[in-house]
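Inside the fold
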Amino acid sequence: MPDELICLSTPNFRGNEKKYVDEAVETEWVSTAGSFISRFEERMAARLSVKQACACQSGTAGLHLCLRHFGVSAGDLVLVPTLTFIATVNAVMYQAAEPVFFDCDSHMCIDVDQVEAYLERECRPEGGRTVEIASGRTVKAAVPVHVFGDHCDMDRLMDLAERYHLAVIEDATESLGGVFARGRYAGRATGTAGHAGVLSFNGNKIITTGGGGMVVSDDVSAVEHMRYLSQQAKDDPVYFVHEEWGYNYRMTNLQAALGLAQLEELDGFLESKRRNYARYRERLAGCDYGELLPFGSGENSNHWFYSFALREPDGARRDRLIQYLSARNIQARPIWKLNHTQTPFRKYRAMDCGRAQRFYDRVVNIPCGTNLTEEQLDRVCRALLAFGEEDRG
Ligand SMILES: *Cc1c(COP(=O)(O)O)cnc(C)c1O
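The following paragraphs examine the structure supplied in this document. Predicted model, so just to flag it, every value in this text is computed and none were measured.

Calculation criteria
- Residues numbered from 1 in each chain as written.
- Predicted model: local features only at pLDDT ≥ 70, side-chain atom pairs only at ≥ 80, totals over all residues.
- Heavy atoms only, no water.
- Buried < 20%, exposed > 50% of the residue type's maximum accessible area, 1.4 Å probe, protein only.
- Helix = DSSP H or I, 4+ residues; strand = E, 2+ residues; numbered from the N terminus.
- Pairing = 2+ DSSP bridges.
- Axes fitted to C-alpha atoms, helices over the stretch in contact; angles between N-to-C directions.
- Left-handed = near helix turned anticlockwise from the far one by under 90°.
- Contact = heavy atoms within 4.5 Å.
- Nonpolar A, V, L, I, M, F, W, Y, C, P; charged D, E, K, R; others polar.
- Patch = residues over 30% accessible without salt bridge, like charges linked within 9 Å, V, L, I, M, F, W, Y side chains within 5 Å.
- Areas by Shrake-Rupley, 256 points an atom, 1.4 Å probe, with all protein chains shown as cover.
- Salt bridge = Lys/Arg side-chain N within 4 Å of Asp/Glu carboxyl O.
- 1 Å grid on protein atoms, 1.4 Å probe; cavity = no way out; pocket = protein on both sides within 12 Å on 5 of 7 lines; lining within 4 Å.
- Points joined across faces, edges and corners; volume = space filled by probe spheres on them.
- Parallel < 35°, antiparallel > 145°, perpendicular 65-115°, else oblique.
- Polar contact = N/O pair within 3.5 Å; in protein donor to acceptor, adjacent residues only side chain to side chain.
- Near = heavy atom within 4 Å.

Thoughts on the pairing of strand β9 (residues 213-217)
- Among the five residues that make up β9, five are buried, leaving the element largely enclosed by the rest of the structure.
- Of the two faces of β9, the one holding G213, V215 and S217 and the one holding M214 and V216 are both buried throughout.
- Both strand β8 (residues 196-200) and β9 contribute to a ladder of four bridges, which runs antiparallel. By the bridge assignment for β9, L199 is matched with M214.

Written as structure tokens, this is what we have:
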């Protein structure tokens, strides 16, 4: 009999999920109104110590609401990392704006040195905005991403944002539960340093609503405007008056019921993410061809996704490793194909993204679910170690 499949990540429903969803069904409050939505928003806002939260249909919808609210419009430039899930960039496209792609730093988050050099050398502030000299376009916003739960340097990014009048939308879709360790934001939750932060509750995220997202910010009127936009910008519920056009982006009460129950479990999930990570580190310490990458943000990271990296960049060997694991019923995958190399984005400006390319050729994401048992984790480690014996490069 083949070994059972070990997935990268599976949802973990051991709390009040069923109870709350049943309650939503029994009371027939299943759509975009209902008390679970506001309870989920309030509980998340309290958890992150942030003034307002707006639950929406997905993290992508949340990013889009932020870009629209902060005035990103056709032809504007938005600074993004090349190393991220495509949703970050797609949201920029929804506003008919253009991405400018940046490399990553030593822990896979946007390279702030490179962002600074670009703003200093290629842009100039002009009457309360920043213009890219060569194109004459406005650089309107930046969307840093806390990749795999590791943290961007928000201190420096927010300084640059102030100097260059940029809106910073913090893509915290992967970092819920993480807390900044150093600097101005020490002790604050990720997602609360930018002008607005975005969370995702997709199936593989640390908590899930099946699909869903949330915008959080201390800027109360910004979040309220986004909530309004997410409900078709309806000004009057009886006469259906609309002063703006909006989107059908609101989260449903059913999803929020799941979300509220999941949020109650967050501390337990963080504990298992960290414990499993430490176990992997320990079991793989003797591995000669690769290593489990550390989180630059240390213990304060949520340890959402684990990156096993070959010592040397070698895309072919990375693929052999993925196939080797797959043949043993262990799910693993490379990190995202870099966005500046994707067909729809090749025509846009990209800085030198050599560091991201090397990560792409080295890293394999390995099973990291909060359901992962110690036996499963040991099986993954045995396979990773055996690959080193069998595949000599
Ligand atoms: C998951 C994710 C998103 C989008 O979230 P959805 O809820 O799936 O729309 C955006 N950015 C990053 C980096 C993500 O990992």
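Next comes the rest of the description.
Describing the packing of helix α9 (residues 266-283) against helix α12 (residues 374-390)
- Running from amino to carboxyl end, α9 crosses α12 at an angle of 35°, the nearest separation of the two axes being 10 Å. Pair α9 / α12 crosses with right-handed handedness. Mapping the contact onto sequence places N276, R279, Y280 and R283 in α9 and E374, L377, D378, V380, C381 and L385 in α12.
- Split by residue class, the contact of α9 with α12 holds five nonpolar, one polar and four charged.

Quick notes on a nonpolar patch on the surface
- Together, V25, V30 and L254 line one region of the surface with nonpolar side chains, adding up to about 200 Å² of accessible area.
- Among the structural elements, V30 can be located in the loop between α1 (17-26) and α2 (35-48).
- With relative accessibility at 33%, the residue V30 sits in the partly exposed group.

A look at empty space enclosed by the protein
- Tallying each qualifying case throughout the model produces three cavities of 30 Å³ or more.
- By volume, the largest cavity amounts to about 90 Å³.
- Lining the largest cavity are 16 residues, with T10, N12, K205, I206 and T370 positioned closest to its centre.
- Grouping the constituent residues of the lining of the largest cavity by class yields five nonpolar, nine polar and two charged.

Observations concerning the layout of surface pockets
- Of the pockets and cavities examined, the largest pocket occupies roughly 280 Å³.
- Lining the largest pocket are 21 residues, and of these F85, A87, S200, N202 and K205 lie nearest its centre.
- At the level of secondary structure, the elements contributing two or more residues to the lining of the largest pocket comprise α3 (59-69) and α4 (87-94).
- Of all the elements, α3 adds the most residues to the lining of the largest pocket, at three residues.
- In terms of residue class, the lining of the largest pocket is made up of six nonpolar, 11 polar and four charged.

Some remarks on the packing of helix α5 (residues 112-122) against helix α6 (residues 154-164)
- α6 packs onto α5 with a crossing angle of 15° between their chain directions and a minimal axis gap of 10 Å. By the angle between their axes, α5 is roughly parallel relative to α6. Here α5 runs over α6; the crossing is left-handed. Taken together, the residues of α6 that come into contact with α5 (itself represented by V112, D113, V115, E116, L119 and E120) are R156, L157, L160, R163 and Y164.
- Residue classes in the contact of α5 with α6 are distributed as six nonpolar, no polar and five charged.

A look at α5
- By the burial criterion, the buried members of α5 are V112, Q114, V115, E116, Y118 and L119.
- For α5, the capping residue at the N-terminal end is D111, with a side-chain oxygen 3.0 Å from the backbone nitrogen of D113.

Focus: the environment of G59
- Along the chain, G59 falls in helix α3.
- The class of G59 is buried, set by a relative accessible area of 7%.
- Along the primary structure G59 and I86 are separated by 27 residues, whereas in three dimensions their C-alpha atoms are 12 Å apart.
- What G59 contacts, discounting residues up to four positions off in sequence, is T173, V198, L199, S200, G212 and G213.

A short note on the side chain of S9
- Along the chain, S9 turns up in the segment before α1.
- With sequence-adjacent residues up to four places away left out, S9 is seen in contact with N204, C368 and G369.

Structural notes on the pattern of salt bridges
- Inspection of the entire model under this criterion finds 29 salt bridges.
- Note that R227 and E41 form a salt bridge whose closest N and O atoms lie 3.2 Å from each other. Within this pair, whereas R227 is found in helix α7 (residues 220-230), its partner E41 is found in helix α2, the two being separated by 186 residues in sequence. Of the two residues, R227 and E41, both sit in the buried class.
- We note a salt bridge from R184 to D159, for which the minimum N-O separation is 2.7 Å. Of the two residues, R184 is situated in the loop between β7 (167-171) and β8 and D159 in helix α6; the sequence distance between them amounts to 25 residues.
- Taken together, the shared-partner salt bridges in this structure form one network comprising D113, E116, E120, R156 and R163.

Some points on the site of the ligand
- Close to the ligand lie 15 residues, the nearest being G59, T60, E174, S200 and K205.
- Contact between the ligand and G59: an oxygen atom at 2.8 Å from a main-chain N or O atom of the residue.
- When residues of the shell around the ligand are traced back to their parent elements, those giving at least two are α3 and α4.
- Tallied by class, residues from the shell around the ligand come to three nonpolar, nine polar and three charged.

Focus on the environment of H146
- Of note, H146 is situated in the loop between β6 (138-142) and α6.
- A relative accessible area of 0% places H146 in the buried class.
- Residues in contact with H146, not counting those within four places in the same chain, are C109, H151, C152, M154, E170, D171, A172, E174, S175, F180, T190 and G191.
- Within polar-contact distance, the side chain of H146 engages the backbone nitrogen of C152 at 3.0 Å.

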